[in-house]
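One-letter residues, chain by chain:
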Amino acid sequence: MKKIGLIVILIISIAAIVFVYNDYFLYKNPILKVTSIKTIVEDNDAIGEKVYTQHIKGIIKNGRHRGKKYELTNTYSESLVYDDKIENHTELFVEFSVDDNEINGITGIKRDKYIAILLIIFIDLILIIAGNKGVKTLISLFVNIGITAGAILLFMKNITTTNLLLLFFIVAIIFVVSSLFITNGKSKKTLAAIVSSIVSLLISFGLSFLFIKLNEEKIFIWTMDYIEAVFDYNNYLYVCILLSGLGAIMDISITISSALSELIRKNKKIDRLALIKSGKEISKDIIGTMINVMLFTCYTSIIPTVVLATRNNMNLITALDFYGNLELMIVLCNCIGIVLTIPISLFISILILKKKEVKKDE
Amino acid sequence: MNKILFLVLLILLLLIGRKRGLKTFISFIFCMALIVLYLFLMKLGANAIITAFIICILASLVSIFLLNGISTKTLAAFIGVMIVQVITFVLICFITNRANIGAFSEESLGTVACFNQGINYNMMNVIIGMYLVSIVGTVIDTSISVSSSMNEVLENNPKIKEKELYKSGMNIGGDILSTTINTLFFALISVFIGFFMWHRGMSFEQVINYKSFADDVARLIIAFIGSVLIIPVTSLISSKILLNKKVINFVDDVQDRISEIFNE
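Residues numbered from 1 in each chain as written. Chains lettered and ligands numbered in written order. Predicted model: local features only at pLDDT ≥ 70, side-chain atom pairs only at ≥ 80, totals over all residues. Heavy atoms only, no water.

Engineer: For this particular structure, what's the right way to read the overall build of chain B?
Structural biologist: Scanning chain B from N- to C-terminus turns up nine helices and zero strands. For chain B, the C-alpha atoms occupy an extent of roughly 60 × 40 × 35 Å along the three principal directions. Scored against the burial criterion, the 264 residues of chain B give a buried share of 58%. If you take every contact in chain B between residues at least 6 apart in sequence, the share linking residues at least 24 apart comes to 75%. Taken as a whole, chain B presents about 11,000 Å² of accessible surface, with 65% of it coming from carbon and sulfur. (Helix = DSSP H or I, 4+ residues; strand = E, 2+ residues; numbered from the N terminus. Buried < 20%, exposed > 50% of the residue type's maximum accessible area, 1.4 Å probe, protein only. Contact = heavy atoms within 4.5 Å. Areas by Shrake-Rupley, 256 points an atom, 1.4 Å probe, with all protein chains shown as cover.)

Engineer: Sorry, what's going on with the packing of helix 1 (residues 2-21) of chain A against helix 2 (residues 112-157) of chain A here?
Structural biologist: Packed helices, taken two at a time, are described by the angle between their axes plus the distance between the axes. All names here are of chain A. At their nearest, the axes of helix 1 and helix 2 sit 10 Å apart, and the two run at 175° to each other. The angle between helix 1 and helix 2 falls in the class roughly antiparallel. The residues of helix 2 that touch helix 1, namely those facing Leu6, Ile9, Ser13, Ala16, Ile17, Val20 and Tyr21, are Lys113, Tyr114, Ala116, Ile117, Ile120, Asp124, Leu127 and Ile128. Taken together, the residues that form the contact of helix 1 with helix 2 break down as 12 nonpolar, one polar and two charged. (Axes fitted to C-alpha atoms, helices over the stretch in contact; angles between N-to-C directions. Parallel < 35°, antiparallel > 145°, perpendicular 65-115°, else oblique. Nonpolar A, V, L, I, M, F, W, Y, C, P; charged D, E, K, R; others polar.)

Engineer: Hey, could you run me through helix 3 (residues 72-98) of chain B in this one?
Structural biologist: Because an α-helix completes one turn every 3.6 residues, residues spaced three or four positions apart along the sequence face the same direction. Between its terminal C-alpha atoms helix 3 of chain B stretches 40 Å, which fits the 39 Å expected from 27 residues at 1.5 Å a residue. The positive-phi residue at the C-terminal boundary of helix 3 of chain B is B:Asn100, with phi of around 50°. (Expected span 1.5 Å × (residues − 1).)

Engineer: Please clarify how a nonpolar patch on the surface should be interpreted in this entry.
Structural biologist: Residues and elements named next belong to chain B. A contiguous nonpolar patch, built from Leu37, Phe40, Leu44, Ile50, Ile54, Ile57, Leu58 and Leu61 and spanning about 670 Å² of accessible area, is present on the exposed surface. Of all the secondary-structure elements, those providing two or more residues to the nonpolar patch are helix 1 (2-44) and helix 2 (48-68). The dominant element in the nonpolar patch, judged by the number of residues it contributes, is helix 2, at five residues. For Ile54, the location among the structural elements is in helix 2. (Patch = residues over 30% accessible without salt bridge, like charges linked within 9 Å, V, L, I, M, F, W, Y side chains within 5 Å. Salt bridge = Lys/Arg side-chain N within 4 Å of Asp/Glu carboxyl O.)

Engineer: Help me understand the interface of chain B and chain A, please; the structure alone is not making it clear to me.
Structural biologist: Interface size is commonly expressed as the accessible area that is lost once the parts come together. Taken together, the 105 residues of chain B in the interface contact 114 residues of chain A. Together, B:Met1, B:Ile16 and B:Phe186 form the three largest contributors to the area buried by chain B at its contact with chain A, with a combined 7%. The tally of links between chain B and chain A comes to two salt bridges. Among the ionic pairs, A:Lys133 bridges to B:Asp175, the shortest N-O distance being 3.1 Å. Our enumeration of links across chain B and chain A arrives at 24 residue pairs in polar contact (both at pLDDT 80 or more). It is helix 1 of chain B that contributes the most residues to the side of chain B that touches chain A, 25 residues altogether. (Buried area = accessible area lost by both parts, 1.4 Å probe. Polar contact = N/O pair within 3.5 Å; in protein donor to acceptor, adjacent residues only side chain to side chain.)

Written out as structure tokens, the structure is:
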């Protein structure tokens, strides 16, 4: 049975990869597949490093010009800060001139197949390694992606009337209920985890909100970069804080509530103090790594900007102050939220799990 | 400003964890310092990929050995992390190179325009290094959970065979997986919301080929892949190491020597 499943997965994956490698017909914009490149190097004193000019020959893969060969040029500077280096395997979206005879320029690079390959590798790995548990994880993941996509679409349609923060507050609660239900099934411990996640989220977000409101002027300077942004940046910042720690909060809540329900199941007369003590013990083990995960995953996104700034002779401390403070604040707010989750879920789990036990005894 | 938040975090950790809380806080500060060190080395012009590997090794050394002590289970966790970092490195190189995931895209033009682009430093390597460092936290997390649970299984059942031990490791890993994936998904989801707010009215075909969208998706999925791959790797290595007499003796030796040094 297992072998058959494996073969089916592999066949579907290969078929999917073959499909995305030949999906030109799905696109309206003309796609050029590069066939040969001639590169000319020049020293550019204005920029201060080498600049490469690529003379590219290629063939159009779709639309009216399908099969015809064209030539175009592309330039990039050595450090690749903003430019793209075109290689032989690259496929480009191009724009034709008004008279339709030659290519005006490159409008983009075709990246869809690589995203698809990455996704297929992930799905295959999770199915092969984790089996049924992997299926459950994938379902919960795709439900969450669906909810997010739905919320974004809803926001786009009613952009002027919808409050971004309020919308994602409701979405966050839906996330909590759906993820915990899918992975843990319907039980008392799931209920305890859901209630404690929501309460922890409310309290930790409330504190972050208050903190930001009190220091709004200082934080405003950090977000100078985004003033030109077309959307309500302040609310987006709150949504970042609201959502980034949500996974960790749920993780701690469910760990505590399942551990406590296990303890109560084994010894129905266990007292609250003993429960609190062992609950604390368990959460101490996870909290350290959880905080570091938050730091590594979220804070590293500042790296490209800071490198660009410091390589332009900006002082590292200044660069971190300029481009890193906001990210650091989000990470720290979330870490505080994660730590606060421990006492909150201990309290609520004991309240929910113990109360029901007492009723049963009577 | 952030100093206040650091202080609040420290106080909360001390209240809840006491000594362990202090340890957690110190390791958090240390990891933070590692990221700053990484940025400093890149400012000086060190190779971004080699430096990223060194930072990953230092981060694993501290969060595995310093926080959890030296033993066969932590040794297994460490080796597992290193192997997974190398495997994902190959995948990261493939994807960043093929999909032309560069450093900056149109939405960061405001930032890029402030600076000279001729920095004589390969930004593609910076991106690869950033991917490597950003996943190391989760990989360490899962690795240590799997290997310590396997050690627990072994202690409760000393006569267990290698194959059964491996299976129990895979089982435990499967249990952790869903929460890990969930944590990562939410940690990175706001980036996507930001992306769609920026690029209103972009068509589906534009979105899935867009540079920064590819960057965000790749970062998320590579973190997922790292946290999935670490499960069989650590299970396999733990099942070999935890039962291997030579390794057990070696680790005992190291433990003895370290305690001697501390006694002196």
